[in-house]
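Residue-level structural notes
Below, each chain spelled out in residue letters.
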Amino acid sequence: MSYRYEDIRNFYFENEVGKRIDCQKINGGLFLYNVTGLGYEENIEYVQIGNNFIPNKKKIKQGQIDGDLEFYDMSYDEYCNFVNFILTATELKLVYVPKKSVRTEYYRDIDLFKIDKAEEDEYNILSCPISIYTKSLWYEQKEVVLTVGEDEGEIRWDFDWDSRFADYSTRNMIFENKGHTEAPFKLEIEGYVKNPSIFIYKDNKLTGKLELTLELQENEKMIYCTRDTDLYLIKQDAEGIETNLFECLSPNFVNFLKLNKGVNTIKLLAEQDITKAKITIYVEYKAV
């Protein structure tokens, strides 16, 4: 059965600086195939009540992805280059594009813990089984940038996803989280800003807030990340030197907010206008 190349799914390995290795170069380069473990599995404990069973505890199971990686031209050199890429990376992601014609990219934080090595076959192809532990769900990275231009009141939101700007005066944004879980995010605000805060609403009800006693000078930046594996609140100066701001957090509140499933209203406030901010939302999926 024939199919168009653009309809073939694609895989990449990506390191912490965004460098990628393409694993769908059929007949030249690397080709990842026979891939299993792209779905999900949950461990569920039940309590029996009469003849019925009620879920008591539900926990997603860590995934393992297996496949075969083929090396074509100069296969042993390509194998060494691939292993060096994996072993020198401090962070590693598997990027999955279900269909090249769609081009939606899904990321998953991983550790590649096994790669075998055999002999080339009669076609000079080296086939190596690989095994991967997953460290996150699949996620998309959706980015919004807020800027105020030279003209007073000029505001621009850059996005290509399901959101809309609700109110120019209060910096409200409406975002629909279509993922399978609450969505973490990274918020970057540049100074001058005094006492920034973020409020999250669903169905007109406040579901989370963070109010900071903090003053950012010109050319300083606050970065706040709520991913479970990357929780931080820092200040970055003009030279890129970082200062931990955990002392600004209150022990009496939930400090690392997430966006609810469904429609959210996100409100950014400060004692004066926030003129430059960026929010990256990590929409998470159990399976894609």
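Residues numbered from 1 in each chain as written. Predicted model: local features only at pLDDT ≥ 70, side-chain atom pairs only at ≥ 80, totals over all residues. Heavy atoms only, no water.

Quick look at the overall build of the protein now. Check the secondary structure of the protein and you find 1 helix and 23 strands. Here the protein holds 288 residues, and the buried ones make up 42% of them. Accessible area of the protein: about 16,500 Å², with a carbon and sulfur share of 45%. (Helix = DSSP H or I, 4+ residues; strand = E, 2+ residues; numbered from the N terminus. Buried < 20%, exposed > 50% of the residue type's maximum accessible area, 1.4 Å probe, protein only. Areas by Shrake-Rupley, 256 points an atom, 1.4 Å probe, with all protein chains shown as cover.)

Attention now moves to the nonpolar core. Within the largest apolar cluster, 58 residues are counted, with the highest numbers of intra-cluster contacts made by Phe-13, Phe-82, Phe-185, Leu-187, Met-222, Tyr-224 and Ile-281. The next biggest cluster of nonpolar side chains, apart from the first, holds 6 residues, and it includes Val-97, Tyr-107, Tyr-139 and Tyr-282. (Core = buried A, V, L, I, M, F, W, Y, C linked by side-chain atoms within 4.5 Å.)

So, on to the packing of aromatic side chains. In total, this model carries 13 aromatic pairs according to the counting rule given. Ring centres 5.2 Å apart and planes at 15 degrees place the aromatic pair Phe-11 and Tyr-96 in the stacked group. Of this pair, Phe-11 sits in strand S1 (residues 10-15) while Tyr-96 is found in strand S7 (residues 92-97), placing the two residues 85 residues apart along the sequence. For Phe-11, a relative accessible area of 1% gives the class buried. Centroid distance Phe-113 to Tyr-133: 3.9 Å. Interplanar angle 15 degrees. Geometry classified as stacked. Of this pair, Phe-113 sits in strand S8 (residues 106-115) while Tyr-133 sits in strand S9 (residues 126-134), and the two are 20 residues apart along the sequence. For Phe-113, a relative accessible area of 38% puts it in the partly exposed group. In this structure an aromatic cluster arises from ring pairing among Phe-13, Phe-71, Tyr-79 and Phe-82. Its guanidinium or amino end placed over the ring of Tyr-12, Arg-20 lies 5.0 Å from that ring's centre, counting from NZ or CZ. The ring of Tyr-282 is capped by Arg-227, whose NZ or CZ atom sits 4.9 Å from the centre of that ring. (Phe/Tyr/Trp six-rings, centres within 6.5 Å; stacked < 30°, edge-to-face > 60°. Lys NZ or Arg CZ within 6 Å of the ring centre and 35° of its normal.)

Here the focus is the side chain of Thr-181. The topology assignment puts Thr-181 in the loop between strand S13 (172-177) and strand S14 (185-190). Under the relative-accessibility criterion, Thr-181 is labelled buried at 17%. A distance of 3.1 Å separates a polar atom in the side chain of Thr-181 from a polar atom in the side chain of Glu-284. Excluding anything up to four places from it in sequence, Thr-181 contacts Leu-137, Lys-261, Glu-284 and Lys-286. (Polar contact = N/O pair within 3.5 Å; in protein donor to acceptor, adjacent residues only side chain to side chain. Contact = heavy atoms within 4.5 Å.)

Below, the discussion takes up the side chain of Thr-134. For Thr-134, the position within the fold is in strand S9. Beyond its immediate sequence surroundings of up to four residues, Thr-134 is in contact with Gln-62, Gly-63, Ile-65, Arg-108, Asp-109 and Ile-110.

A full pass over the atoms with the stated rule returns 10 salt bridges. What emerges from the salt-bridge pattern is a single network uniting Glu-14, Arg-20 and Glu-105. (Salt bridge = Lys/Arg side-chain N within 4 Å of Asp/Glu carboxyl O.)

Here we come to the environment of Glu-119. Examined against the element boundaries, Glu-119 turns out to sit in the loop between S8 and S9. Looking at Glu-119, the relative accessible area reads 64%, which means it is exposed. When the C-alpha atoms of Glu-119 and Tyr-76 are compared, they prove to be 9.4 Å apart, with 43 residues separating the residues in sequence. Not counting the four nearest positions on each side in its chain, Glu-119 is found in contact with Tyr-76, Ile-125 and Leu-126. Side-chain polar atoms of Glu-119 contact the side chain of Tyr-76, separated by 3.4 Å.

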